[in-house]
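Given next are the chains, with one letter for each unit.
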Amino acid sequence: MKIGYPCINRTVKCNGNKTFRLRSYSDQRLTETVQNNLACLQKVLKYNIRHNILFFRISSDLVPFASHPVCKFDWQGHFSTSLNELGDLIRQHDIRISMHPDQFIVLNTPRDAVLESSLLELRYHSQLLDLMELDTTAKIQLHVGGVYGDRDTSIKRFIDRYKHLEPVIQRRLVIENDDRSYQLEDCLRIHQATGIPVLFDWFHHQVLNSGESLPDGLKAAARTWRSEDGTPMVDYSSQEPGKIRGKHAQTLDPHDFRNFLALNPKRDLDLMLEIKDKEKSALKALKLLRNETGYIKN
DNA sequence: AATGGTCAAGTCAGC
DNA sequence: GCTGACTTGACCATT
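Residues numbered from 1 in each chain as written. Chains lettered and ligands numbered in written order. Predicted model: local features only at pLDDT ≥ 70, side-chain atom pairs only at ≥ 80, totals over all residues. Heavy atoms only, no water.

A.B. asks: Can you help me understand the pattern of salt bridges in this one?
C.D. replies: For side chains bearing opposite charge, pairing can occur when the charged atoms are close. Tallied over the entire structure, the rule returns 14 salt bridges. Between Asp 130 and Arg 171 there is a salt bridge, and its shortest N-O distance comes to 3.0 Å. In this pair, Asp 130 sits in helix H4 (residues 112–131) while Arg 171 sits in the loop between helix H6 (167–170) and strand E5 (173–176), placing the two residues 41 residues apart along the sequence. You can call Asp 130 partly exposed: its relative accessible area is 26%. By relative accessible area, Arg 171 is classed as partly exposed at 35%. Here the salt bridges share partners, and the residues they tie into one network are Lys 139, Arg 226, Glu 228 and Asp 229. (Salt bridge = Lys/Arg side-chain N within 4 Å of Asp/Glu carboxyl O. Helix = DSSP H or I, 4+ residues; strand = E, 2+ residues; numbered from the N terminus. Buried < 20%, exposed > 50% of the residue type's maximum accessible area, 1.4 Å probe, protein only.)

Given below as structure tokens:
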């Protein structure tokens, strides 16, 4: 089991998620920012390697405005060498990579303009991973999308859109159960129709489910991953005490995490910690894993 | 250097 | 109808 965290490292003094305002766009500003972001990503990956954190989610802001019409710059060509070198580092240390396009990317939208920009953004994500020459175990995770007052039709629209995706996007895409619209059951139904792997979100499943236990839910999701998709990915968080239901924890709750481990003794999964203090919790989780008797290697 | 208004993009719940 | 939440506050004009 690999442990990971998303996008930001607060220990390494290097911000690899730098962006800028649209009206400040220039090719020069873009190249400077991307150069910075790639250099920081490399530093963060090296920090992760030193600390045995071998799962990482790369920020969608790596190349700001990459899919925006304002950007005519050939960032793919200009940064292909740097991206390739990053890919070398990732492959050399067998780091698992994911990306998570943000909330504006909605594959099942009824609106043409939203679909079009979503497809461009997905293409950007897949191009990044392709330029790093990562295999299809590097994934792009999406939620199913909106309900629009008609779940069945909206699920059908997702299925149809997925089937018509470019293969380079299709092979990387996975769907994740969310905590208010589409639960595990819906994702499994979409898997049945398309073969798309289902990334199990442990915390969301506690908030929204149809009665499956957490371990059963996780097992059902894990079965949707083929060998070319790699080890099933799982998102993990726990409830921030005293905040509204569904609020992600500030830091790893050792009690909740031990419970997670106890419920999943096989641990044939890669675990993304969606916890606000990022690498600190990843380190806590790894330490806890090492110190617990009966818990494996690393 | 500190501050505060504002930022490409969608959808939904809660008020 | 507006605001906040979402994987993540940070950019930038102004003082």
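A.B. asks: Is there a simple way to think about the sheet that holds strand E3 (residues 96–99) in this case?
C.D. replies: Consider a sheet: its strands pair through backbone hydrogen bonds, and that pairing is either parallel or antiparallel. Strand order in the closed barrel formed by 8 strands is E1-E2-E3-E4-E5-E6-E7-E8, and the pairing between neighbours is parallel. If you compare each strand with its neighbour and ignore which way they point, the axes differ by 30° on average. Judged from the 4 bridges that link them, strand E7 (residues 233–236) and strand E8 (residues 270–273) form a sheet pairing that is parallel. In the sheet register, Val 234 faces E8, and the bridge partner there is Leu 271. Sitting on the sheet, helix H9 (residues 214–222) touches strand E6 (198–201) and E7, and the angle it makes with E6 is about 160°. (Pairing = 2+ DSSP bridges. Axes fitted to C-alpha atoms, helices over the stretch in contact; angles between N-to-C directions. Contact = heavy atoms within 4.5 Å.)

A.B. asks: Any chance you could explain the protein's contact with DNA strand C here in plain terms?
C.D. replies: Around DNA strand C, the structure places 20 residues, and the nearest of them are Arg 10, Arg 21, Arg 29, Asp 102 and Lys 276. Counting only atoms of DNA strand C within 4 Å of the protein, the sugar-phosphate share comes to 61%. A distance of 2.2 Å is found between a base oxygen of DNA strand C and a side-chain nitrogen or oxygen belonging to Arg 21. Interatomic distance of 3.4 Å between a backbone N/O atom of Asp 102 and a base oxygen of DNA strand C. Taken together, the residues of the surface near DNA strand C break down into 2 nonpolar, 7 polar and 11 charged. (Near = heavy atom within 4 Å. Polar contact = N/O pair within 3.5 Å; in protein donor to acceptor, adjacent residues only side chain to side chain. Nonpolar A, V, L, I, M, F, W, Y, C, P; charged D, E, K, R; others polar.)

A.B. asks: Whenever I open this one, the state of the cysteines confuses me. Can you help?
C.D. replies: Covalently bonding the sulfur atom of one cysteine to the sulfur atom of another cysteine gives a disulfide. In the structure shown here, the tally under the stated rule is 1 disulfide. Across a sulfur-sulfur distance of 1.9 Å, Cys 14 and Cys 40 are joined as a disulfide pair. Of note, the bridge from Cys 14 to Cys 40 carries an S-S torsion of about -75° and is left-handed in sense. Taken as a pair, Cys 14 in the loop between strand E1 (3–6) and helix H1 (27–50) and Cys 40 in helix H1 lie far apart in primary sequence, 26 residues in all. (Disulfide = S-S within 2.5 Å.)

A.B. asks: I would appreciate a short explanation of the protein's contact with DNA strand B in the present structure.
C.D. replies: Neighbouring DNA strand B are 16 residues, the closest being Arg 21, Leu 22, Arg 111, Val 147 and Tyr 148. Contact between DNA strand B and Leu 22: a phosphate oxygen at 2.5 Å from a main-chain N or O atom of the residue. With respect to DNA strand B, the side chain of Arg 180 contributes an N or O atom lying 3.2 Å from a base oxygen. For the surface near DNA strand B, the class distribution of residues is 7 nonpolar, 5 polar and 4 charged.

A.B. asks: Mind showing me how you'd approach the nonpolar core here?
C.D. replies: Nonpolar side chains in soluble globular proteins tend to end up buried together. Residues Ile 3, Trp 75, Phe 257 and Leu 271 are the most contacted members of the largest nonpolar core, which totals 80 residues. If sequence neighbours within four positions are ignored, Leu 271 has contacts with Met 1, Lys 2, Ile 3, Gly 4, Phe 55, Val 234, Tyr 236, Phe 257 and Phe 260. Of all hydrophobic cores here, the second largest spans 6 residues; its members include Leu 199, Trp 225, Met 233 and Met 272. (Core = buried A, V, L, I, M, F, W, Y, C linked by side-chain atoms within 4.5 Å.)

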